[in-house]
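# Fold and contact review
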Amino acid sequence: MNAGIVYAREIGGREYTFGVSGKLWRDALVMYDRQSESLWSQVDGRAFRGPREGEILEHIPSVQTTWGKWKKLHPQTLVLKKESEFTSTRYEKYFTDPDRIGVFGNPLKDERLGGKVEIVGVRAGGKQMVFPLEALRAAGLVNSRVGETEILLHADPQTASVHAFSRMTSRGVLNFSKIAKKKRKGWIRDRETGTLWDPRTGQAVKGKMRGTQLDEISATKVFWFAWAAFFPGSEIWTPETESAEEGSPATSS
Amino acid sequence: MKPTGRFPLAGPARIWISMAIFLALPLTGRAQETEREFEKELIDGDYMYTVLGPDAIPAVDDPVFVSREEAESFMDDGEPVIGLLIDGEARAYSLYHLDHHEIVNDTVAGRKVAVTW
């Protein structure tokens, strides 16, 4: 699976605590809540069995990075204490073997990509789009659209993590470009108002829209086979000739 | 492995099968090829397998946190983490550590969250 996902464990004022069910569905972790013992899938946060069936947990943006990079960005960070010494992953062989698809070796359902290709899956308004991680990292910044939602993806070279935001604001849909100048701290600029933004937080840091916050969108880094099992209708993004470098023609899709 | 009867399993009858699988068996602490029988149930076209009993992999319900300085004694710079930032509060969860728990029930800046891996 290789997916770290954070969910709000509260729905409509009702608090849940989750345990590991010991079950696997679509090769992914099945959680249960201790309150109703409903079964929830980790990949989409949906209860598929039990009294809470049909409820969906709200996804909370998080990043997957390394300790060294995280602590540099957040020196005040707290760290979950280990009860014993864990210094490696027990799943290493599984993660690195391209032929090993899922725990049960279920056949790959959608061969548009290799099963072990790392992707970022974005969901918005009932539609899904898949961004192969390697191509996304090469692009760095992508203006795209999922269903009716105009989105921005940013692959952060510093933390190796990916952030996704809506490009829809009070000033309409914005198109973002990287800024060539190195000293701009990795900020980006929108073509419509010229405002400078921090693509890691989605905040306008300088210019007309300063103080505005882009809405963050659920983006999940996961192996393709696992995503394909849950979201078979996903569109797959391919880098076009489009470039998000400044001075290139505007692209809105 | 026996059915636990603990979860509300509806739908078709439980089926027992035998197959050779790759199983990342957390109880043994390492991956191994093995032949075992697992209870399985078809849900929306895909089998759900019962591999372990509930809580055989224990979620963390009362997480304890330490400062960055203190964490240096057990964290490596290259160690993969989930980083979470809510209202200025930053937390890191080692994936090597989460391998053994898969879920942390936490509260960050007043938000109740489940960190899952």
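One can find the structure itself at the top, above this paragraph.
These numbers were taken from a predicted model, which means no experiment stands behind them. (Residues numbered from 1 in each chain as written. Chains lettered and ligands numbered in written order. Predicted model: local features only at pLDDT ≥ 70, side-chain atom pairs only at ≥ 80, totals over all residues. Heavy atoms only, no water.)

### Details of the overall build of chain A
Heads up, the rule is: Only DSSP runs of H or I covering at least 4 residues are called helices, and only runs of E covering at least 2 are called strands; the numbering of each starts at the N terminus. Between buried and exposed lies partly exposed: a residue is buried under 20% and exposed over 50% of the maximum accessible area for its type, with that area taken using a 1.4 Å probe on protein chains only. The contact rule is simple, with two residues in contact once any of their heavy atoms fall within 4.5 Å.
Tallying secondary structure elements over chain A gives 4 helices and 23 strands in all. Burial status across chain A gives 58% buried among its 253 residues. Taking as baseline every contact in chain A between residues at least 6 positions apart, the subset at least 24 positions apart corresponds to 49%.

### Observations concerning the nonpolar core
Threshold: Put simply, buried Ala, Val, Leu, Ile, Met, Phe, Trp, Tyr and Cys residues joined by side-chain atoms within 4.5 Å make one nonpolar core.
Grouped together as the largest cluster of nonpolar side chains are 44 residues, with contacts concentrated most on A:F18, A:M31 and A:W224. For this core, the leading source of residues is helix α4 (residues 224-230) of chain A, giving 7 residues. Beyond its immediate sequence surroundings of up to four residues, A:F18 is in contact with A:R9, A:M31, A:Y32, A:D33, A:R34, A:W40, A:L57, B:A59, B:D61, B:I103, B:N105 and B:A114. A:L136, A:V142, A:I217 and A:W237 belong to the second-largest nonpolar core, a separate cluster that totals 17 residues.

### So, the environment of A:F131
Residue and element names in this part refer to chain A. Among the structural elements, F131 can be located in strand β12 (residues 127-132). Through-space distance from the C-alpha of F131 to that of E235 is 8.9 Å; in sequence the pair is 104 residues apart. Excluding residues that lie within four positions of it along the chain, F131 makes contacts with I119, V120, V122, L136, V142, S144, I151, L153 and W237.

### Quick word on the interface of chain B and chain A
Worth spelling out the cut-off: Once two parts are brought into contact, the accessible area they lose, counted with a 1.4 Å probe and summed over both, makes up the buried area. Note on definitions: salt bridges are taken to be side-chain nitrogens of Lys or Arg within 4 Å of carboxyl oxygens of Asp or Glu. Under the rule applied, a polar contact is a pair of N or O atoms within 3.5 Å (in protein, one hydrogen donor and one hydrogen acceptor; residues adjacent in sequence only if both atoms are side-chain atoms). Note on residue classes: Ala, Val, Leu, Ile, Met, Phe, Trp, Tyr, Cys and Pro are nonpolar, Asp, Glu, Lys and Arg are charged, and everything else, Gly too, is polar. In this scheme, strands are said to pair when DSSP sees at least two bridges between them.
Taken residue by residue, the interface counts 77 residues in chain B and 68 residues in chain A. Carbon and sulfur atoms supply 59% of the area buried between chain B and chain A, which totals about 6800 Å² over both sides. One can count 9 salt bridges joining chain B with chain A. Between A:K71 and B:D77 there is a salt bridge, with the nearest N and O atoms lying 2.6 Å from each other. Where chain B touches chain A, the interface holds 41 residue pairs in polar contact (both at pLDDT 80 or more). No other element matches the 7 residues that strand β5 (residues 80-86) of chain B contributes to the side of chain B that touches chain A. A per-class count over the side of chain B that touches chain A returns 46 nonpolar, 13 polar and 18 charged. As paired strands, strand β9 (residues 63-66) of chain A and β5(B) are joined by 4 bridges and run antiparallel to one another. Bridge pairing links A:T65 to B:V81 in β5(B).

### Some words on the sheet that holds strand β19 (residues 188-190) of chain A
All names here are of chain A. Applied cut-off: Axes here mean lines fitted to C-alpha atoms, for a helix over just the part in contact, with angles spanning 0 to 180 degrees between N-to-C directions.
Sheet architecture is open: 4 strands sit in the order β18-β19-β20-β21, paired in antiparallel fashion. The two strands at the open ends of the sheet, each matched to only one other strand, are β18 (176-178) and β21 (203-206). For this sheet, the mean angle separating the axes of adjacent strands, direction not counted, is 45°. Here β18 pairs with β19 via 3 bridges, running antiparallel. Bridge assignment links K178 to a residue of β19, and that residue is I188.

### Re empty space enclosed by the protein
Residues and elements named next belong to chain A. Put simply, the rule is: Using protein atoms alone on a 1 Å grid, points that fit a 1.4 Å probe yet trap it form a cavity, whereas open point sets bounded by protein on both sides within 12 Å along at least five of seven lines form a pocket; residues with an atom within 4 Å of a point count as lining. Grid points are joined across faces, edges and corners, and a volume is the space filled by probe spheres set on the points. For the domains described, the bounds stem from an automatic or database domain assignment.
For the coordinates displayed, the defined rule picks out 3 cavities of 30 Å³ or more. If you add up the space inside the second largest cavity, you get close to 170 Å³. A total of 3 residues in the lining of the second largest cavity trace back to one element, the largest contributor, which is strand β22 (residues 219-223). Partitioning the lining of the second largest cavity into residue classes produces 8 nonpolar, 6 polar and 1 charged. Domain assignment of the residues forming the lining of the second largest cavity places at least three in each of domain 1 (6-60) and domain 2 (118-236).

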